[in-house]
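Close look at the chain arrangement
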Amino acid sequence: MIGPGTGVRVYLACGATDMRKGIAGLAALAQDVLRQKPASGAVFVFRGRKGDRIKLLYWDGQGFCLYYKVLERGRFPWPSAADGTARLTSGQMAMLWEGIDWRRPDWGAPPSRVG
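Below is a short write-up of the structure.

Cut-offs used in this document
Residues numbered from 1 in each chain as written. Predicted model: local features only at pLDDT ≥ 70, side-chain atom pairs only at ≥ 80, totals over all residues. Heavy atoms only, no water. Pairing = 2+ DSSP bridges. Helix = DSSP H or I, 4+ residues; strand = E, 2+ residues; numbered from the N terminus. Axes fitted to C-alpha atoms, helices over the stretch in contact; angles between N-to-C directions. Salt bridge = Lys/Arg side-chain N within 4 Å of Asp/Glu carboxyl O. Buried < 20%, exposed > 50% of the residue type's maximum accessible area, 1.4 Å probe, protein only. Contact = heavy atoms within 4.5 Å.

Here we take up the sheet that holds strand E5 (residues 85–88). In spatial order, the strands read E4-E3-E2-E1-E5; together these five strands make up an open sheet with mixed pairing. The outermost strands of the open sheet, each flanked by one partner alone, are strand E4 (64–70) and E5. Put simply, the sheet's adjacent strands are angled 20° from each other on average, direction ignored. Bridge count between strand E1 (residues 10–13) and E5: four bridges; the pairing is antiparallel.

In this structure the tally under the stated criterion is two salt bridges. Salt-bridge contacts for Asp18 lead to Arg20; the nearest nitrogen and oxygen are separated by 2.9 Å. The exposure class of Asp18 is partly exposed, given its relative accessible area of 31%. The class for Arg20 is exposed, based on a relative accessible area of 75%.

Turning next to unusual backbone geometry. Positioned with a positive phi, Arg35 is a non-glycine residue whose angle comes to about 60°. When you line up the elements, Arg35 lands in the loop between helix H1 (23–32) and strand E2 (43–47).

With respect to the secondary-structure elements, Phe46 resides in strand E2. Since its relative accessible area comes to 0%, Phe46 is described here as buried.

Looking now at the environment of Ser80. Note that Ser80 resides in the loop between E4 and E5. Among the residues examined, Ser80 registers a relative accessible area of 40% and is labelled partly exposed. Spatially, the C-alpha atom of Ser80 lies 9.6 Å from that of Ala13, the residues being 67 residues apart in sequence. Those residues in contact with Ser80 that sit more than four places away from it in its chain are Cys14 and Gly15.

Shown next, in the form of structure tokens:
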């Protein structure tokens, strides 16, 4: 994914967001609901009601970037609206973007012992 590198602050807007919102609407949510400055360099992540699409809003120093992903199958793992806001690491955000449950990643079978 083209975008922010490692070490970036990531904020999830828990609950559902109207996916019709564009940059201005999502920046307003980042400021009013998440209580963060939209142009701070952090990544703000929003999920739609069905759970199959997310939008990431990011200020790159020159302007806002808006990333949008729709899953063909499945849903993005997401905290409940009661949680308000969640913070993720850049690694957890990468897992989320790939549709992996960042809360409980399943890395498959444990490594075999070399004996």
